[in-house]
Amino acid sequence: MRVLVTGGAGFIGANLCRLLVTLPEVESVTVLDDLSSGDAANVADVGINLVRGSILDREVLAELADGATHVIHLAARPSVPRSVKDPVTSHAVNATGTLFVLEACRRAGPGRMPHVILASSSSVYGDCPEPHKHEDLPTRPLSPYGASKLATEAYALAYAGSYGLPILPFRFFNVYGPLQPAGHAYAAVIPAFVSAALKGRAVTIYGDGEQVRDFTYVGTVARVLADAAVRRVTSTTPLNLAFGTRVSLLHLKNALETVLGRPVEAEFLSARAGDIRESQASSQLLLRRFPSVRPVPLDEGLRLTVTWFEKTQGATTH
Ligand code: NAD
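Just so you know, these numbers come straight off a predicted model, no measurement behind them.

Caption draft 1: Structural context of the sheet that holds strand β3 (residues 49-52). Across the sheet, which stays open at both edges, the seven strands sit in the order β3-β2-β1-β4-β5-β7-β12 with parallel pairing between neighbours. Two strands bound the open sheet, and with one partner strand each, they are β3 and β12 (239-241). On average, adjacent strands in this sheet sit at an angle of 20° to one another, irrespective of strand direction. By the bridge criterion, six bridges tie strand β5 (residues 115-121) to strand β7 (residues 167-172) in an arrangement that is parallel. The residue bridging S120 from the neighbouring strand is R171, located in β7. The strands that helix α2 (residues 58-66) touches are β1 (2-6), β2 (28-33) and β3; relative to β2, the one it contacts most, it runs at about 170°.

Below you can see the structure in the form of structure tokens.
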């Protein structure tokens, strides 16, 4: 396998690359990343080939896709609040960028087209009132980010239908773990909580803290992606990549207190535009296609995440 990972210097991508290079099936891993939110340090000394460039550069894409047997497309502008602030850039990278990736893959020609895995998001369900999100539900994005991820899926399906491109779109829910950055305005909730708590600061909760999320440890996501690539699993139904865990932010704060062995303060601010109240996956379809996957439980994943933050932040839990 010669694997091209777009966005491979980012959080999920770098965890995936670290796994891919250990697999006997994998001959080479190339990363295309513009380092806009990723970091070259995430993949330094991992044994991959890092090409610094954009998925919006069609020449670079054509060159890299040409030699690839597998493309795992993770590059994106991945934040809901950033998309609310600047929808056009989110669209350009997430929708048009995906179209360019698919087009580069199709141009390899029949019989040479790589297997393509794509990252969509639970945000495509939007304000769909059903709390348990299964893949047959209608999609109603609430944010420009959600709309751009729906376009990611739609273009992938169109390329499978029109050109026979072998595709597998996944809907990630809330992925967390080592290499996920905190310390910026758009940080995801777990790194923001862990980083604040380790510095002895209050964690910030937008809204009442009763909003529910389905957290997936990044090691579990990387294992599913790698397995899907090795077995060339395809699906024209986008698959949820989450396991139906139902964790409110208040529960998350408690779980963190258990891991740290001390209380964590919370500061409550008003709810943010585009934020979804309940996000919990049905994992039936996923488990049918990946029956042997065993997700890392929240307490263990949190412990691994805290350990990583302690090492990189140099903070202590006391
Ligand atoms: P990330 O920001 O760490 O990774 C995205 C990577 O894409 C970064 O390395 C960034 O530099 C790169 N990138 C951005 N624009 C690019 C461009 N034009 N050309 C090349 N590279 C570019 O985010 P992540 O959490 O690792 O997300 C990976 C994928 O998973 C994204 O598609 C995201 O939308 C999706 N996703 C993530 C989550 C989550 O909980 N982390 C949830 C749902 C979906």
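Moving on, there is more to tell.
Caption draft 2: Here's a closer look at the packing of aromatic side chains. Within this structure, the stated rule accounts for six aromatic pairs. Judged by centre distance (6.0 Å) and plane angle (45°), the rings of F170 and F290 are tilted. Note that F170 is positioned in strand β7 and F290 in the loop between α9 (284-289) and α10 (298-313), a separation of 120 residues in sequence. For F290, a relative accessible area of 2% translates into the label buried. Plain terms: the ring middles of Y176 and Y217 are 5.6 Å apart, the flat faces sit at 65° to each other, and that makes the pair edge-to-face. With a gap of 41 residues between them, Y176 in strand β8 (residues 174-176) and Y217 in strand β11 (residues 215-217) connect regions that are remote in the sequence. The same class applies to Y176 and to Y217, which are both buried.

Caption draft 3: Expanded view of α10. For α10, which comprises 16 residues, the first-to-last C-alpha distance of 21 Å matches the rise-based estimate of 22 Å (1.5 Å per residue) to within 8%. Within the span of α10, buried status applies to L298, G301, L302, T305, V306 and F309. Taken around the axis of α10, the buried residues stretch over an arc of 135°, which confines them to a single face. Looking at the buried positions of α10, the neighbouring elements they touch are β8, α6 (189-198), β11, β13 (247-248) and α8 (249-260).

Calculation notes
Residues numbered from 1 in each chain as written. Predicted model: local features only at pLDDT ≥ 70, side-chain atom pairs only at ≥ 80, totals over all residues. Heavy atoms only, no water. Pairing = 2+ DSSP bridges. Helix = DSSP H or I, 4+ residues; strand = E, 2+ residues; numbered from the N terminus. Axes fitted to C-alpha atoms, helices over the stretch in contact; angles between N-to-C directions. Contact = heavy atoms within 4.5 Å. Phe/Tyr/Trp six-rings, centres within 6.5 Å; stacked < 30°, edge-to-face > 60°. Buried < 20%, exposed > 50% of the residue type's maximum accessible area, 1.4 Å probe, protein only. Expected span 1.5 Å × (residues − 1). Arc of directions from axis to C-beta.

Just geometry here; none of it tells us what the structure is for.
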